[in-house]
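Commentary on secondary and tertiary structure
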Amino acid sequence: MDICILGTGYVGLATGACLADIGNNVICADIDEGKIMHLNNGRIPIYEPGLEDLIRKNQGNNKITFTTDIHKAIHNSKIVFIAVGTPPDKDGSADLTFVLQAARDIAASLNDYKIIVAKSTVPVGTTNKIKEIITQNKKNDISFSIVSNPEFLKEGSAIKDIFEGDRIIIGAEDPKAIELMKKLYEPLNIPIHVTDIVSAELIKYASNAFLATKISFINEIANICEKVGADVVEVAKGMGMDKRIGLDFLKAGIGYGGSCFPKDVKAIAATARQHGYKFRIIEAVMEVNQIQRERITEKILALIDTIEKPTVGLLGLAFKPNTDDLREAPSLYVIEKLIEKGITVKAYDPIANEKAKEIFPQIEYCQNAYDACKDADVLSIITDWEEFASLDLNKVRSLMKTPAIVDARNIFEPEQITGMGFNYVSVGR
Ligand SMILES: NC(=O)c1ccc[n+]([C@@H]2O[C@H](COP(=O)([O-])OP(=O)(O)OC[C@H]3O[C@@H](n4cnc5c(N)ncnc54)[C@H](O)[C@@H]3O)[C@@H](O)[C@H]2O)c1
């Protein structure tokens, strides 16, 4: 099928690459000229495992192309995906500027029957608003169908998640559109749930809100563990063995971050408020998440309380491993607080150093994890990149000024590490 994807970010690019790989002709269109220029020159603007190979392969056989010519891209396509950003507005609700602009672009370029697919995460009612805008602004009586098809990929495993997702949600009313969408996704062999548009939109927010709740829940349990002397890793294991609960998202740590959970959780709370309802659980989830990053920062500060001109080494900056995404990353809060107190910060992230430099040019960025340990009074693990778990801890201890670790991701074994002479503080253990 001929497909156009408006918005070439994490979702648009990964979706485009995968749809091209299963045989479709995909045009990725974006208003960001720099991004498109890089993509046309073979440079992938984001880090995502497997993405570069997939794009190279399909660029080579012309299955995927990149353009800033939005009009032409829509013109040449049967299915138009909207995958533009929906950042949070000041009041927490989703800012729909980009989505509504995309709808106007589609209206201006509608030249034959098309299926318009809202893939961006949009509040309940937005897909129908897109339909209204296209209907009001199109310059002919050509028909179109509208579909809500929210995306569930996770950064860091986007390609795998698209090819091996748990479900595909199709919210639509038009049987023709439903059939075509089913046909498009057929090669992936993933269960498809067809529902109405409003329910499809809410499925996305409810899913992210539930996962964020699991994270805040286990962090609360971790804080109780610290009070009563239990071990949250053991507690989570025991809880997760119950199939009704499951182990996923039961890892205590510094709380959730990234471009999705914080904004989607805020947005569903805002949607509820706009409809005169207080979503009490989710309000508490947000509060717990904020407190968790504060608690970690306090743990770091407590270890350097008596040290004059202390240095803190931070391992990991991205909001999670295998991505360079720093949006709403807990590291940003920690760094800001340390800078405020005039503390020297040395940081290392396998991929996100360059992006972090744009936000905090004033701290030192290291070439590897050991450089970040050098002369540090405290080392804090902020992101659980796999390479940190296999560090040579004897080397780490010998490089540090004071052997103290705040492990915000519980990657080390407390007994082993304290046995090596570290002052070790983790989460809920
Ligand atoms: N990132 C994720 O992990 C993830 C997962 C699931 C769903 N989502 C949702 O998918 C949507 C996109 O997220 P993202 O992380 O890919 O965003 P992003 O910010 O990485 O990319 C959005 C892109 O859209 C482009 N754009 C804006 N207006 C445009 C227009 N009128 N025409 C063409 N391009 C335009 C921007 O230049 C940018 O390149 C959001 O609603 C997000 O909530 C994201």
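In this report, we go over the structure that sits alongside the text. (Residues numbered from 1 in each chain as written. Predicted model: local features only at pLDDT ≥ 70, side-chain atom pairs only at ≥ 80, totals over all residues. Heavy atoms only, no water.)

**Description of the overall build of the chain**
Basically, it comes down to this: Numbering of helices and strands runs from the N terminus; a helix is a DSSP stretch of H or I covering at least four residues, while a strand is a stretch of E covering at least two. As defined in this context, the radius of gyration uses C-alpha atoms, and a globule is described by 2.2 Å times the residue total to the power 0.38. Remark: exposure states derive from per-residue accessible area (1.4 Å probe, protein chains only) relative to the maximum for the residue type, with buried under 20%, exposed over 50%, and partly exposed in between.
The helix and strand tally for the chain stands at 18 helices and 14 strands. Relative to the 2.2 N^0.38 estimate, which gives 22 Å for 429 residues, the radius of gyration of the chain is 23 Å and therefore close to what a compact globule would have. A principal-axis box enclosing the C-alpha atoms of the chain has dimensions of 75 × 50 × 40 Å. Burial analysis of the chain (429 residues in total) assigns 53% to the buried set.

**So, the side chain of D264**
This is how the line gets drawn: Here a polar contact is recorded for every N or O atom pair within 3.5 Å, except that within protein the pair must consist of a potential hydrogen donor and a potential acceptor, and residues adjacent in sequence are included only if both atoms are side-chain atoms. Should any heavy atoms of two residues lie within 4.5 Å, those residues are considered in contact.
In this structure, D264 sits in helix α11 (residues 261-274). Side chain to side chain, D264 and K263 meet in a polar contact 2.9 Å long. Those residues in contact with D264 that lie beyond four places of it in its chain are T121, K204, Y205 and N208.

**Some details on the environment of I46**
By the element assignment, I46 lies in the loop between α2 (33-40) and α3 (51-60). Looking at I46, the relative accessible area reads 13%, which means it is buried. Residues I46 and I64, spaced 18 residues apart in sequence, show a C-alpha to C-alpha distance of 17 Å. Leave out the neighbours within four places in its chain, and I46 touches G9, Y10, L13, L51, D324 and K355.

**Brief notes about the pairing of strand β1 (residues 2-6)**
This is how it is decided: Pairing between two strands is assigned when DSSP locates at least 2 bridges connecting them. A crossover counts as right-handed when, viewed with the strands pointing away from the observer, the path leading from the first strand over the helix to the second turns clockwise.
For β1, the buried fraction is high: 4 of the 5 residues fall into the buried class. Across 5 bridges, the pairing between β1 and strand β2 (residues 25-29) is parallel. Opposite I3, over in β2, you have V26 as the bridge partner. Note that the unit made of β1, helix α1 (residues 10-21) and β2 has a crossover that is right-handed. Strand direction decides the pairing type here: β1 and strand β4 (residues 79-82), joined by 4 bridges, are parallel. Across the sheet, residue I5 finds its bridge partner in β4, namely F81.

**Comments concerning the site of the ligand**
Counted only if it meets this: When at least one non-hydrogen atom of a residue lies within 4 Å of a molecule or strand, that residue is treated as near it. Segmentation of the chain into domains, including their bounds, is taken from an automatic or database domain assignment.
In the neighbourhood of the ligand, 27 residues make up the surrounding shell, with D30, K35, T86, E155 and K263 lying closest. At a separation of 2.9 Å, an oxygen atom of the ligand approaches a polar backbone atom of V11. At 2.8 Å from a nitrogen atom of the ligand is found a side-chain nitrogen or oxygen belonging to E155. The set of elements that each furnish at least two residues to the shell around the ligand consists of α1 and α5 (97-109). Looking at the shell around the ligand, you find at least three residues from each of domain 1 (2-195) and domain 2 (196-429).

**Here we look at empty space enclosed by the protein**
Spelled out, the test is: A cavity here means a set of points on a 1 Å grid, drawn over the protein atoms and nothing else, where a 1.4 Å probe fits but cannot get out; a pocket is an open set with protein on both sides within 12 Å along at least five of seven lines, and a residue lines either one if it has an atom within 4 Å of a point. Grid points are joined across faces, edges and corners, and a volume is the space filled by probe spheres set on the points. Under the grouping applied here, Gly and all other residues not named as nonpolar or charged are polar, the nonpolar ones being Ala, Val, Leu, Ile, Met, Phe, Trp, Tyr, Cys and Pro and the charged ones Asp, Glu, Lys and Arg.
With the rule as written, the count across this model stands at 1 cavity of 30 Å³ or more. Of the pockets and cavities examined, the largest cavity occupies roughly 40 Å³. Contributing to the lining of the largest cavity are A118, S120, T121, V122, S148, P150, E201 and K204. In the lining of the largest cavity, the residues fall into 3 nonpolar, 3 polar and 2 charged.

**Let's talk about the layout of surface pockets**
Leftover empty space is mapped by rolling, across the atoms, a probe with the size of a water molecule. For the second largest pocket, the calculated volume is near 240 Å³. Lining the second largest pocket are 15 residues, and of these I44, P45, I46, Y47 and D324 sit closest to its centre. Contributing elements (two or more residues each) for the lining of the second largest pocket: α3 and α14 (353-359). Across the lining of the second largest pocket, the residue classes tally to 7 nonpolar, 1 polar and 7 charged. Summarising the domain contributions, the lining of the second largest pocket has at least three residues from each of domain 1 (2-195) and domain 2 (196-429).

**Details of the sheet that holds strand β13 (residues 404-407)**
To keep things clear, this is the line we draw: Axis definition: a line fit to C-alpha positions, over the contact stretch in the case of helices; interaxial angles, taken between N-to-C directions, run 0 to 180 degrees.
With parallel pairing, 6 strands are arranged side by side in an open sheet as β11-β10-β9-β12-β13-β14. Lying at the two open borders of the sheet, with one neighbouring strand each, are β11 (364-365) and β14 (423-425). With 5 bridges connecting them, strand β9 (residues 311-315) and strand β10 (residues 344-348) associate as parallel partners. Considered in β10, the bridge of T311 is made with T344. On top of the sheet, helix α12 (residues 280-303) reaches β9, β12 (378-381), β13 and β14; it is set at about 175° to β13, its chief contact.

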